[in-house]
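For reference, the chains in residue letters:
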Amino acid sequence: MRKMIISCVVFERPTLRYSSCRQHHVFAVKKDFSTTCGSGNRKKRTTPPPKSSIDSTITKNFTQNDISRYMKAWEVPVGASSKSQSTRIQEEDAVPLFQSCCKAKTWKPVLSSKQKEADKALTAISSWFNPHRFQNLLKIIENHTVQHLLPNGYPQSVHPAYKRYTVYSFLGNTASTITMILSTQSLLLAVGVGQQTAAPISATLNWILKDGIGQFGGILFASKISSSSTNSIDADPKKWRMVSSLAMDCAMMIEVTTCAFPHYFVYIASAANIGKNIAFLTASASRAKLHQCLSSLQHSQVVDNLGDITGKATSQSILASLLGTAIGMGLSPYLLNDLFSLGVGCMALSCVNQFCTYQSLKTIPLRSLNRQRLMLLLKVYFQGISASASDMKKENQEHAMDALSPERICELESVIPLFSQDDDDSSTWLQIGCGLSMIAPNGAEELSHLHNPSEKYVLSCRSNLGGNFDSSVIASPPIVYLTFVHDAKNVDILRGAFQAFTIMELSKGHLPRRNSRVHHGTEEDSTDLTKCSHVFMKEHFHDFQESISSAGWNLDDGVKIMLESETSKRFKFDSL
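Residues numbered from 1 in each chain as written. Predicted model: local features only at pLDDT ≥ 70, side-chain atom pairs only at ≥ 80, totals over all residues. Heavy atoms only, no water.

**Brief notes about the overall build of the protein**
Put simply, the rule reads: We count a stretch as a helix when DSSP gives it H or I for four or more residues in a row; a strand needs E for two or more, and each element gets its number in order from the N terminus. Summary of the burial criterion: residues with accessible area below 20% of their type's maximum are buried, those above 50% are exposed, and those between are partly exposed, where the area comes from a 1.4 Å probe applied to protein chains only. The contact criterion used throughout is that any non-hydrogen atoms of two residues lie within 4.5 Å. Only the protein chains shown count as cover for residues, with accessible areas throughout obtained via the Shrake-Rupley method and a probe of 1.4 Å.
The helix and strand inventory of the protein stands at 19 helices and seven strands. Taking all 576 residues of the protein together, the buried fraction comes to 40%. Residue pairs in contact within the protein that sit at least 24 positions apart in sequence constitute 75% of those at least 6 positions apart. Element-wise, carbon and sulfur atoms account for 57% of the exposed surface of the protein, whose accessible area totals about 33,200 Å².

**Points about the packing of aromatic side chains**
Rules: Any pair of Phe, Tyr and Trp rings, taking the six-membered ring for Trp, is counted once the centres come within 6.5 Å. Such a pair is stacked with planes under 30 degrees apart, edge-to-face with planes over 60 apart, and tilted for the rest.
Going through the model one piece at a time under the given rule, you end up with 14 aromatic pairs. With a centroid separation of 5.2 Å and an interplanar angle of 40°, the aromatic rings of Phe382 and Phe498 are classed as tilted. With Phe382 in helix α12 (residues 371-385) and Phe498 in helix α18 (residues 490-508), the pair connects residues that are 116 residues apart, well separated along the chain. Members of the aromatic cluster, each reached through a chain of ring pairs, are Tyr381, Phe382, Trp429, Phe498, Phe501, Phe536, Phe541 and Phe544.

**Topic: the pairing of strand β7 (residues 478-484)**
Our working definition: Paired strands, in this sense, are two strands between which DSSP finds at least two bridges.
Summarising burial for β7: seven of the seven residues are buried, a large majority. Burial of β7 is two-sided: the residues Pro478, Val480, Leu482 and Phe484 facing one way and the residues Ile479, Tyr481 and Thr483 facing the other way are all buried. Taken together, the seven bridges between strand β6 (residues 457-463) and β7 define a ladder with antiparallel strand orientation. Paired with Ser460 across the strands is Tyr481, a residue of β7.

**Focus: the packing of helix α6 (residues 162-191) against helix α10 (residues 306-335)**
Quick reminder of the rule: Between N-to-C directions, angles cover 0 to 180 degrees, with each direction set by a line fitted to C-alpha atoms, over the stretch in contact for helices. Should an angle fall under 35 degrees it is taken as roughly parallel, and over 145 as roughly antiparallel, whereas 65 to 115 is taken as roughly perpendicular and any remaining angle as oblique. By convention the crossing between two helices is left-handed if the near helix lies anticlockwise of the far one by an angle smaller than a right angle, and right-handed if it lies clockwise.
As a packed pair, α6 and α10 sit with axes 7 Å apart at the nearest point and diverge in direction by 40°. By the criterion of interaxial angle, the relationship of α6 to α10 is oblique. When you trace α6 past α10, the crossing you get is right-handed.

**Side note on the packing of α18 against helix α19 (residues 529-551)**
Rule in force here: Charged residues are taken to be Asp, Glu, Lys and Arg, nonpolar residues to be Ala, Val, Leu, Ile, Met, Phe, Trp, Tyr, Cys and Pro, and polar residues to be all remaining types, Gly included.
Interaxial distance between α18 and α19 falls to 8 Å at its minimum, and their mutual angle equals 125°. On the basis of their axis angle, the class for α18 and α19 is oblique. For α18 against α19, the interelement crossing comes out right-handed. Residues of the contact of α18 with α19, tallied by class, amount to 12 nonpolar, eight polar and two charged.

**Some thoughts on the pairing of β6**
The buried count for β6 comes to seven of seven residues, which makes it a mostly enclosed element. Neither face of β6 is exposed, since Tyr457, Leu459, Cys461 and Ser463 on one face and Val458, Ser460 and Arg462 on the opposite face are all buried.

**A closer look at the side chain of Arg462**
Defined as follows: For this analysis, a polar contact is any N or O atom pair within 3.5 Å, provided that within protein one partner can donate a hydrogen and the other can accept it, and provided that sequence-adjacent residues contribute only side-chain to side-chain pairs.
Looking at the secondary structure, you find Arg462 in strand β6. A distance of 2.6 Å separates the side chain of Arg462 from the backbone oxygen of Met438, its partner in a polar contact.

**Some remarks on the nonpolar core**
What counts here: Definition used in this section: a nonpolar core is a set of buried Ala, Val, Leu, Ile, Met, Phe, Trp, Tyr and Cys residues joined via side-chain atoms within 4.5 Å.
Counting 46 residues, the largest nonpolar core has Leu378, Phe382 and Phe498 as its most contacted members. Counting residues in hydrophobic clusters, the runner-up holds 13 residues, among them Leu150, Tyr162, Tyr165 and Leu290.

**Considering the sheet that holds β6**
Sheets are built from strands paired through backbone hydrogen bonds, the pairs being either parallel or antiparallel. Strand order in the open sheet made by the three strands is β5-β7-β6, with mixed pairing throughout. Each having just a single partner strand, β5 (430-432) and β6 make up the two edges of the open sheet. When strand polarity is set aside, the average angle formed by the axes of neighbouring strands in this sheet is 15°. Here three bridges tie β5 to β7, and the two strands are oriented parallel to one another. By the bridge assignment for β7, Leu430 is matched with Val480.

**Focus: α6**
Formally: In a helix, the anticipated span is given by 1.5 Å times the number of residues less one.
Over its 30 residues, α6 runs 42 Å from end to end, which matches the ideal 44 Å to within 8%, given 1.5 Å per residue. Immediately downstream of α6, the backbone of Gly192 shows phi near 105°, a positive value.

**Side note on the state of the cysteines**
For the record, the criterion: Two cysteine sulfur atoms form a disulfide, by the criterion used here, when they sit within 2.5 Å.
Summed over the entire model, instances satisfying the criterion amount to zero disulfides. Take Cys259: it sits in no disulfide, and the sulfur closest to it among the cysteines is that of Cys346, at 9.7 Å. What makes Cys259 partly exposed here is its relative accessible area of 28%. For Cys410, which is in no disulfide, the shortest distance to another cysteine sulfur is to Cys293 and amounts to 9.5 Å.

**Section: a nonpolar patch on the surface**
Just so we agree on the cut-off: Note that patches include only residues with greater than 30% relative accessible area and no salt bridge, and the join distances are 9 Å for like charges and 5 Å for nonpolar side chains (Val, Leu, Ile, Met, Phe, Trp, Tyr). Salt bridges are counted wherever a side-chain nitrogen of Lys or Arg sits within 4 Å of a carboxyl oxygen of Asp or Glu.
A cluster of nonpolar side chains, contributed by Phe261, Tyr264 and Tyr267, occupies part of the molecular surface with about 410 Å² of accessible area. Within the element layout of this structure, Tyr264 appears in the loop between α8 (237-256) and α9 (265-294).

**Considerations on the confidence of the model for the protein**
Low-confidence regions, as indicated by low pLDDT, have predicted coordinates that should not be scrutinised in detail. Put simply, the rule is: One confidence number per residue, pLDDT, is output by the predictor and ranges from 0 to 100.
Looking at the protein, the pLDDT average stands at 75 and 62% of residues meet or exceed 70. Between the elements of the protein, mean pLDDT differs from a low of 43, seen in strand β1 (residues 4-8), to a high of 94, seen in helix α11 (residues 339-361). Below a pLDDT of 50 lies the segment residues 51-60, which in the model reaches eight contacts outside its immediate sequence neighbourhood of four places, other chains included.

**A few points about the side chain of Ser157**
Inspection of the secondary structure puts Ser157 in the loop between α5 (131-149) and α6. At 2.8 Å, the side chain of Ser157 and the backbone oxygen of Asn152 are in polar contact.

Put into structure tokens, the structure is as follows:
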């Protein structure tokens, strides 16, 4: 075995250094049995006295200055010459250094410079995985994100649904951009880009032609959208936003097929471009209405930051487009070589886009009334008043108010085009804006009985089998015809819809029938649904109006309640 000696190096003013402890031998320097340095003869080791005796000896024979002379010691291999060799080895960090600690009773190894560098590297790496550092980094990223991508004062300045809407919109825009990159590359391949036989002039003309036809189709579509009907973008922006998303995805799927039919490029690409222009038009028009809803806080409190929300939404869309472009360029080499793989990939991305768009729209509570939302409100309200009036006003008042809120109706509302919720079946029994021949086919005398001079609407109900509705024999539900007078306001529209819904509830037996006195004081038969429903409407309409107004619905005349279609009619009366 290699022999080892202990070489003691004396320092005038030693400085204590501390580092990570490792598993080493523990040395004790004792005066009575220490070892002589060098290669000479060594004293024979005597039997060490007990520990208590050693401690007392050190205390007696050594002062604090004497002990400090032995605070550092190097383990030098046997054969190392002398002080110069020890100094060289020390400088090269080839010899372990031990440092005394705990009042010179134990030894602690000191790291070499190389070990210190490695330890510093490990410390720096571990510091990056420090949870506090990650929290600070996330806070910095969040601050920059809020500054550049979110409205000023977020989240206090926007509706609580803004966060979910933004997240789903970002994911949907990213998926849509990926699909657009793939479909655009399909168009370029179909037009002949990258092929030696392609004619640049012909390709350019085809591209311009398909753009021109698509833009012309978008203009025609915009001219067909009425701004004063139940199908207008202002009346139902959610459904038109879904129309935009569906049109865009269908257009891009059509563009993908141009690779399989390059000879029909102009026809296929033009049809796809018409769909794209329809998507752009409806998206830009409906987005403004949706952003207006997001600029309102709960309980109809409005914050004047519509421009800020719109600008930040544009920034979010650009960021999603950049991310989608990068992902699309990365996927294109793997999908463009196989038309089947390309079609499956685009279909999957389209499904992701549709799902995200649907989820984002389900979070936005619109505060204006259209036909679907008004029918849902009436259904919820009539479910509440089917209980006793005392319970409604005392115990269930808060629950009923929450059920009538725009946030609750938003969950029940359907946003898919051409589909409506099962709760809204008004299209089967209610016709609004009918002509005179449908309201009063028997002439002015019948019209005079149907119209109440105190109301700004005319209402009648008949069986769908023809003839007046007989409430005593319910073979089929009645059809209610409702037409408003030319100067009817929002409150008149609500009164007419309330009475029409009351007729349907009475015919189904959901409301009790009772004899009542109508407005002119004569007693009427309870089987006359029109007059009985009018009495019920007069008793409960004020409570309904106050309830939905307190819940946050906008009933001002400046915001029109759109129940009529572009073909609906209104009446204007005059005497001869």
